[in-house]
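# Fold and geometry: a report
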Amino acid sequence: MSEIMVQADGLVKIYKTKETEVLALQGLDLTVEEGELTALIGNSGSGKSTFLNMIGGLDRPSAGSLFVAGSNLFTMTEKELVRYKRETVGFVWQNNGRNLLPYLSALENVMLPMHLSSEKKKKQKALELLEMVGMSSKKYSRLNTLSGGEQQRIAIAIALANSPKLLLADEPTGSVDAKTANYIFDVFSELNRQGQTILIVTHDVALSKKVKRVVAIRDGKISSERILKESYAQRLKESDIDWRLEDTQDEYVILDKAGRVQIPRDILKEMNLPDNKVKLEFVDGKVVISGSK
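Residues numbered from 1 in each chain as written. Predicted model: local features only at pLDDT ≥ 70, side-chain atom pairs only at ≥ 80, totals over all residues. Heavy atoms only, no water.

### Some thoughts on the sheet that holds strand β3 (residues 37–41)
We count it as follows: Each pair of strands is called paired provided DSSP finds at least two bridges between the two strands. Counting from the N terminus, the helices are DSSP H or I runs at least four residues long and the strands are E runs at least two residues long. The axes are straight lines fitted to the C-alpha atoms, using for helices just the contacting stretch, and the angles between their N-to-C directions are given from 0 to 180°. In this description, contact between two residues means that some pair of their heavy atoms is separated by no more than 4.5 Å.
The sheet built from 7 strands is open, its strands ordered β6-β7-β8-β3-β9-β10-β11 with mixed pairing. Unpaired on one side and paired on the other, β6 (89–92) and β11 (249–253) mark the two borders of the sheet. Taken pair by pair, the neighbouring strands of this sheet meet at an average axis angle of 20 degrees, ignoring direction. Relative to strand β9 (residues 213–218), β3 runs parallel, the two being bridged by 4 bridges. The residue of β9 that forms the bridge with alanine 39 is valine 214. Relative to the sheet, helix α6 (residues 178–193) contacts β3, β7 (166–170) and β8 (197–201), its axis offset from that of β8 by approximately 150 degrees.

Laid out in structure tokens, this is it:
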């Protein structure tokens, strides 16, 4: 059986200023198993990036519980948190200015975070990682000579430099063209096939429709999950599929621990409810939701 990589229960995050409080997460529950490739989607302000930052050790939760690879992020000291960020998670940012140092070559950037015993071992592993992401021919290139897609592939290699248990990616295809986005997804897929656990935040519809498990966050909670249909799971590399338009996934609304569900907005719109009251009935093994009038 797979080990649990991420376990979030009742996760709450409140940002406070002098004038107001913002509730970014409102009791979020999520389990991610070791070896999964999972995408997080949601509108701006839904809480998905806040959640990713907490998993990455960049922000502290306000309440609830959060375990990553067996580590309790609530009880960590600052020293333990530094080690956690160095050894447990790797981060790929959308903004390559946060991924790469412009005055270093690609090879030097990948070697920088490594903690191996010798320069020779660091260089050997960095070359292997650049080969893995298809960038070995650019190993001596600097930031200003590389395209956005090339920089992002090197950023993936940097994130893998210390063999993290969990790879986090925040909008990794947000600033590249469709062809490069497909290549980056192929890199993630290959890493996942080799056993790497990956969690991606994305607005990229085509990318999210290729992922086997997609978790939708709405108003600081998990609202639904989409699971890739088996018929499409075998066809990920087919170029004739329009991943933006085809119905590649089955969607499931999530029942939380209090027995509540969030009805998707498009269904609510179709129901055209006169008020906020609905009637629930259990008919022939199905739950039927209807308006109050």
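### A few points about the pairing of strand β13 (residues 286–291)
In this sheet, β13 lies alongside strand β12 (residues 278–283) in antiparallel orientation, the contact comprising 6 bridges. When the bridges of β13 are listed, phenylalanine 282 appears paired with valine 287. Counted along the chain from β12 to the antiparallel partner β13, the turn is 2 residues long, and its residue aspartate 284 has a positive phi close to 50 degrees.

### Brief notes about a nonpolar patch on the surface
Under the convention used in this document: Patches draw on residues past 30% relative accessible area with no salt bridge. Two like charges within 9 Å are joined, as are two nonpolar side chains (Val, Leu, Ile, Met, Phe, Trp, Tyr) within 5 Å. For every accessible area listed, the method is Shrake-Rupley and the probe measures 1.4 Å; residues are considered covered only by the protein chains on display. A side-chain nitrogen of Lys or Arg and a carboxyl oxygen of Asp or Glu constitute a salt bridge if their distance falls within 4 Å. For each residue, the accessible area found with a 1.4 Å probe, counting protein chains only, is set against the maximum for its type, and the residue is called buried under 20%, exposed over 50%, and partly exposed in between.
Judged by side-chain polarity, Val278, Leu280, Phe282, Val287 and Ile289 come together as a nonpolar surface patch covering roughly 500 Å² of accessible area. A total of 3 residues in the nonpolar patch trace back to one element, the largest contributor, which is β12. Within the element layout of this structure, phenylalanine 282 appears in strand β12. Classification of phenylalanine 282 as exposed rests on a relative accessible area of 65%.

### A short note on the environment of arginine 244
Here arginine 244 shows up in the loop between α8 (230–233) and β11. As a C-alpha pair, arginine 244 and serine 208 span 36 residues in sequence and 9.0 Å in three-dimensional space.

### Notes on the pattern of salt bridges
Inspection of the entire model under this criterion finds 12 salt bridges. Notably, a salt bridge pairs aspartate 59 with lysine 13, separated by 3.2 Å at the nearest N-O pair. In this pair, aspartate 59 sits in the loop between α1 (48–55) and β4 (63–68) while lysine 13 sits in strand β1 (residues 4–16), placing the two residues 46 residues apart along the sequence. Given the relative accessible area of 9%, lysine 13 is considered buried. Here arginine 60 ties to glutamate 78 by a salt bridge, and the two come within 3.2 Å at their closest N and O atoms. Linking arginine 60 in the loop between α1 and β4 with glutamate 78 in helix α2 (residues 78–87), this pair joins segments that are 18 residues apart in sequence. Through salt bridges that share partners, Glu36, Arg213 and Glu225 make up one connected network.

Interpretation in functional terms is not warranted from these geometric data alone.
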